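Below are the chains, spelled out letter by letter.
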Amino acid sequence: MKVSLFITCIVDQFYPEVGLAMSNLLTRLGVEISFNSEQTCCGQPAFNTGYGREARSVAEQMLKVFASELESVDYVVAPSGSCVTMVKKYYPELFADDAELKTQSEFVGSRLYELSQFLVDVLAVEDVGAAFQGRVTYHDSCHLLRELGLSRPPRKLINAVKGVEFVELDDADVCCGFGGTFSVKHPEISSAIAAEKIACIERSKADAVVACDSSCLMQMGGMLSRKGSAVRTLHLAELLAGQDMNNQDLK
Amino acid sequence: MTVESQVQPERFVEDSRRALTNPLLQRALSIATVKATSARYEAVTHVGVANWEQLRERAHTIKKHTIENLDFYLEQFAANVERHGGKVHWANTAADACKYVVELAQRRGIGEIVKSKSMMTEEIGLNEALEHAGINPVETDLGEYIVQLANERPSHINMPAIHKTRSDVADLFAEKLGVERTEEIPEMTALARRILRARFAEAQMGVTGVNYAVADTGTIVLVENEGNIRLTTSLPRIHVAIMGIEKVVPSLRDVGVFMQLLSRSASGQKMCSYVSFLTGARSSTNDEAPDEFHVVLVDNGRVEMLADEQLRESLYCIRCGACLNVCPVYRKIGGHAYGWVYPGPIGAVLTPQMIGLERATSQPFASSLCGACGDVCPVKIKLPDMLLHLRQRIKENGHAKAENGHLLERLSFRLWAMAMRSPRRYRVIARLGRIVQGVTGLRVPQWSNTRDLPPLARRSFREQWRQRPH
């Protein structure tokens, strides 16, 4: 089984440890992984802010990279529900005016998986041999939940981690308030929404909040750390890559 | 379009900021929206998710068919209304619709009218038009009565006074009605009822909106919990029903589909307490109808929306308010901040279309695109996609020119695209970013005012991948 990594720009630049965790995890599960360094960004920031032309020009580059990768690999896997949604749902729209690019985007979309879905639906695995000591809660990222329909796979994976005490977050499916450029265009509203999420996290008494999207983790983590909270944010990939019951292999 | 003094969508940023710093509003919003969404969720669970999804799909299909054949169904509806002795007035603009109602009241020598809650009458600014002509409009829905007394606008599609606490209302009644202050809800309700009953008894004209206009019978359907619509439409001798042209449905059977969706979506009720099916004016075969029955069909920009393939679906809305209740933004800023009649996600889609894109450039962007609205919409309007379309139009058609920072943003995204299109430029920008970070630190004040920003990783993933043992 060969997989090409769609690492996402936010992981590449801000959270490389998430990419490394995903790499280690997939390798441990027997997947042969590759990384094409011509990849940059899926274009979502521009697209969501209304700059369709700019988004399309960037998306074309991504399409080229992954269409080429799929000539030698079986799947493309990304540690993000929102980036996967951008490609699967919006690329065919972006390229509606070009039959070849549209077909190519539909093809790439059909082989593209978000990490939790890849593990549970393609590799058919729930227990990845991970270990983590502590109380863990989970935040449903909006695109992952509502566009990709993925609510159970991440929970199955988290519950199978040895040592984890899983607790459901109140309003787990309510937005964290990031929303891309919304977080800086309407920062007060974004922060007010985040504050509600943080209150739920604190009520859960979890040691860590897990999510499948680094954008949500940046928002929640940014608020938690500003509050001086001891609650840590973990990407699902990091939780699943960890095998040390003392959590020493997590940064 | 509507009375200018009340239209302030340009003030979204200031008004939303102010709303966030109002703890009483925050509390009121939280209580009401949580109650409504939990009740809705329970009602949907009770119906069964599969059944519910089938109902939504059916409703969407009926709306799609009707909207795409609107001219046919409107003409059929109008013909049937007239066949049953009603009068139909086709109003192109809000002013036109108001003029019809005002002139009718004047011709009949009417000095006061009673009205039920109707977002359409808010949209056209009917109360102001009537007052301007010396005619007194009395709101009979309790929530609307409260906001009327307070000289405010409703802040929610179904719960007009959601922004008011019990204490606010107690103060208001004591001040405006000259009674002893009480916070007991049964007492406050009884007081409003006494006052309104007297107005019902004397009113010569009742004005309502329309929930569904049934084309094949000329019947209008109205739903309510308080009974004020029953009184508004049966005591006065004249009934005027004002509706957007998109309210028509082909047949009574179709109404059945929407009835299963509307109340559950709005408040978790299986059905509203009173449902009125009203057809025509008094006749030998129908002695319960009022002497006169008028229907005002309002365009006010809807025909333009109809022609817009990307945004046409926003005409499917049955005004249930579910999208407001579930919206994380609405829950924090309330309805007034949106600056016009319709708040929340549907408001963010309707306001730019009806008031003008250049006047409502903030609303489509004031969303995290979480999609909760699209999930709960009983007629499956793709609200998040519409917000995206509006954003594109605002940015690419230059509507946001006047906005501060717009040129800088446009330039930034052009440069961003140039960098992201090329792996080499991407790497150069990434390196530059780290240099800047090392020297001055990366600052994004809009973020860092309330949240910590993580630094760019010392070594990016792609740099570390290169060193990975293969």
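Everything numeric in this text was worked out from a predicted model, so none of it was measured.

**Points about the sheet that holds strand E8 (residues 232-235) of chain A**
Residue and element names in this part refer to chain A.
- Reading across the sheet, the 4 strands line up as E6-E5-E7-E8 and stay open at both edges, with parallel pairing between neighbours. The open sheet has two edge strands, strand E6 (162-166) and E8, and neither has a second partner. Averaged over all adjacent pairs, the angle separating strand axes in this sheet is 40 degrees, with direction ignored.
- The strands touched by helix H12 (residues 214-226) within the sheet are strand E7 (208-211) and E8, with E8 carrying the most contacts at an inclination of about 170 degrees.

**With respect to the interface of chain A and chain B**
- If you look at the interface, chain A gives 63 residues, while chain B gives 59 residues.
- Summing the contributions of chain A and of chain B, the shared interface buries around 5600 Å²; its carbon and sulfur component is 59%.
- Interface area lost by chain A to chain B is led by A:Gln13, A:Tyr51 and A:Arg226, which between them contribute 13%.
- Along the contact surface separating chain A from chain B lie 8 salt bridges.
- In this structure, A:Arg146 and B:Asp375 form a salt bridge, with 3.3 Å as the shortest nitrogen-oxygen distance.
- Run the count over chain A and chain B and you get 32 residue pairs in polar contact (both at pLDDT 80 or more).
- Examining the composition of the side of chain A that touches chain B, we find that 8 residues originate from one element, helix H11 (residues 187-204) of chain A, more than from any other.
- Among the residues forming the side of chain A that touches chain B, the class breakdown is 27 nonpolar, 26 polar and 10 charged.

**Describing unusual backbone geometry**
- Of note, A:Ala124 is a non-glycine position whose phi angle comes to about 55 degrees, a positive value.
- The class of A:Ala124 is exposed, set by a relative accessible area of 63%.
- The phi dihedral of B:Leu369 falls on the positive side, at around 60 degrees, and the residue is not glycine.

**Quick word on the nonpolar core**
- Counting 194 residues, the largest nonpolar core has A:Leu5, A:Phe6, A:Leu26, A:Tyr91 and B:Phe77 as the members making the most contacts within it.
- In terms of residue count, the dominant contributor to this core is helix H4 (residues 52-69) of chain A (8 residues).
- When sequence neighbours within four positions are dropped, the list of residues in contact with A:Leu5 reads A:Met22, A:Ser23, A:Leu26, A:Ile33, A:Ser34, A:Phe35, A:Gln39, A:Phe66, A:Val77, B:Phe461 and B:Trp465.
- In this structure, B:Val101, B:Ala105, B:Ile135 and B:Val298 belong to the second largest nonpolar core, which totals 23 residues.

**Details of the packing of helix H2 (residues 16-28) of chain A against helix H7 (residues 115-122) of chain A**
Residues and elements named next belong to chain A.
- Following both chains from N to C, one finds H2 and H7 inclined at 10 degrees, their axes separated by 12 Å at the closest point. By the angle between their directions, the pair H2 and H7 is classed as roughly parallel. Contact with H2, carried on its side by Met22, Leu25 and Leu26, involves Leu115, Phe118 and Leu119 of H7 and no other residues of that element.
- Residues of the contact of H2 with H7, tallied by class, amount to 6 nonpolar, no polar and no charged.

**Observations regarding the sheet that holds strand E3 (residues 136-139) of chain B**
All names here are of chain B.
- Across the sheet, 6 strands lie side by side as E1-E10-E7-E4-E2-E3; this open sheet has parallel pairing. Of all strands in the sheet, those bounded by a partner on one side alone are strand E1 (87-91) and E3. Neighbouring strand axes in the sheet, compared pairwise and without regard to direction, differ in orientation by 25 degrees on average.
- Of the strand pairs in this sheet, E1 and strand E10 (residues 292-298) are connected by 5 bridges, and their pairing is parallel. From the neighbouring strand, His89 faces E10, where its bridge partner is Val296.
- Sheet strands touched by helix H4 (residues 70-83): E1, strand E7 (238-244) and E10. Its angle to E1, the strand with the most contacts, is close to 145 degrees.

**Brief notes about the environment of A:Leu157**
Residue and element names in this part refer to chain A.
- Mapped onto the fold, Leu157 is located in helix H9 (residues 152-159).
- Along the sequence, Leu157 and Leu236 sit 79 residues apart, while their C-alpha atoms lie 8.6 Å from each other.
- Not counting chain neighbours up to four residues away, the residues in contact with Leu157 comprise Ser116, Leu119, Val120, Val125, Glu126, Val128, Leu236 and Leu240.

**Considerations on a positive patch on the surface**
Residue and element names in this part refer to chain B.
- Together, Arg421, Arg424, Arg425, Arg427, Arg431 and Arg466 make up a positively charged patch on the protein surface.
- Looking at the positive patch element by element, the count peaks at 4 residues for helix H20 (residues 423-439).
- Within the fold, Arg424 resides in helix H20.

**Comments concerning the confidence of the model for chain B**
- With 97% of its residues at a pLDDT of at least 70, chain B reaches an overall mean of 94.
- Both scores are available for the predicted complex, with the pTM at 0.96 and the ipTM at 0.96.

**Focus on the packing of aromatic side chains**
- Summed over the entire model, instances satisfying the criterion amount to 18 aromatic pairs over all chains.
- Measuring from centroid to centroid gives 5.1 Å for A:Phe35 and B:Phe461, while their planes differ by 80 degrees, and the two rings are edge-to-face. With one member in each of two chains, A:Phe35 in the loop between strand E2 (32-34) and helix H3 (44-48) and B:Phe461 in helix H22 (residues 461-467) form a pair that bridges those chains. The two residues A:Phe35 and B:Phe461 agree in class, both being buried.
- Their ring planes at 65 degrees and their centres at 5.6 Å tell us that A:Tyr75 and A:Phe118 sit as a pair that is edge-to-face. One end of the pair, A:Tyr75, is in strand E3 (residues 75-78); the other, A:Phe118, is in helix H7, and 43 residues separate them in sequence.
- A network of ring pairs unites the aromatic residues A:Phe35, B:Phe461 and B:Trp465 as a single cluster.

**Overview of the packing of helix H19 (residues 406-421) of chain B against H20(B)**
Residues and elements named next belong to chain B.
- Following both chains from N to C, one finds H19 and H20 inclined at 115 degrees, their axes separated by 5 Å at the closest point. Contact residues: H19 offers Met418, Ala419, Met420 and Arg421, while H20 offers Pro423, Arg425, Tyr426 and Ile429.
- Looking at side-chain class alone, the contact of H19 with H20 contains 6 nonpolar, no polar and 2 charged residues.

**Things to note about the environment of B:Arg83**
All names here are of chain B.
- Looking at the secondary structure, you find Arg83 in helix H4.
- Take Arg83: its relative accessible area is 58%, and that puts it in the exposed class.
- C-alpha of Arg83 to C-alpha of Ala281: the two residues are 198 residues apart in sequence and 9.8 Å apart in space.

Quick notes on the rules
Residues numbered from 1 in each chain as written. Chains lettered and ligands numbered in written order. Predicted model: local features only at pLDDT ≥ 70, side-chain atom pairs only at ≥ 80, totals over all residues. Heavy atoms only, no water. Pairing = 2+ DSSP bridges. Helix = DSSP H or I, 4+ residues; strand = E, 2+ residues; numbered from the N terminus. Axes fitted to C-alpha atoms, helices over the stretch in contact; angles between N-to-C directions. Contact = heavy atoms within 4.5 Å. Buried area = accessible area lost by both parts, 1.4 Å probe. Salt bridge = Lys/Arg side-chain N within 4 Å of Asp/Glu carboxyl O. Polar contact = N/O pair within 3.5 Å; in protein donor to acceptor, adjacent residues only side chain to side chain. Nonpolar A, V, L, I, M, F, W, Y, C, P; charged D, E, K, R; others polar. Buried < 20%, exposed > 50% of the residue type's maximum accessible area, 1.4 Å probe, protein only. Core = buried A, V, L, I, M, F, W, Y, C linked by side-chain atoms within 4.5 Å. Parallel < 35°, antiparallel > 145°, perpendicular 65-115°, else oblique. Patch = residues over 30% accessible without salt bridge, like charges linked within 9 Å, V, L, I, M, F, W, Y side chains within 5 Å. Areas by Shrake-Rupley, 256 points an atom, 1.4 Å probe, with all protein chains shown as cover. Lys, Arg positive; Asp, Glu negative; His and termini not counted. Charge placed at Lys NZ, Arg CZ, Asp CG, Glu CD. pLDDT = per-residue confidence, 0-100. Phe/Tyr/Trp six-rings, centres within 6.5 Å; stacked < 30°, edge-to-face > 60°.

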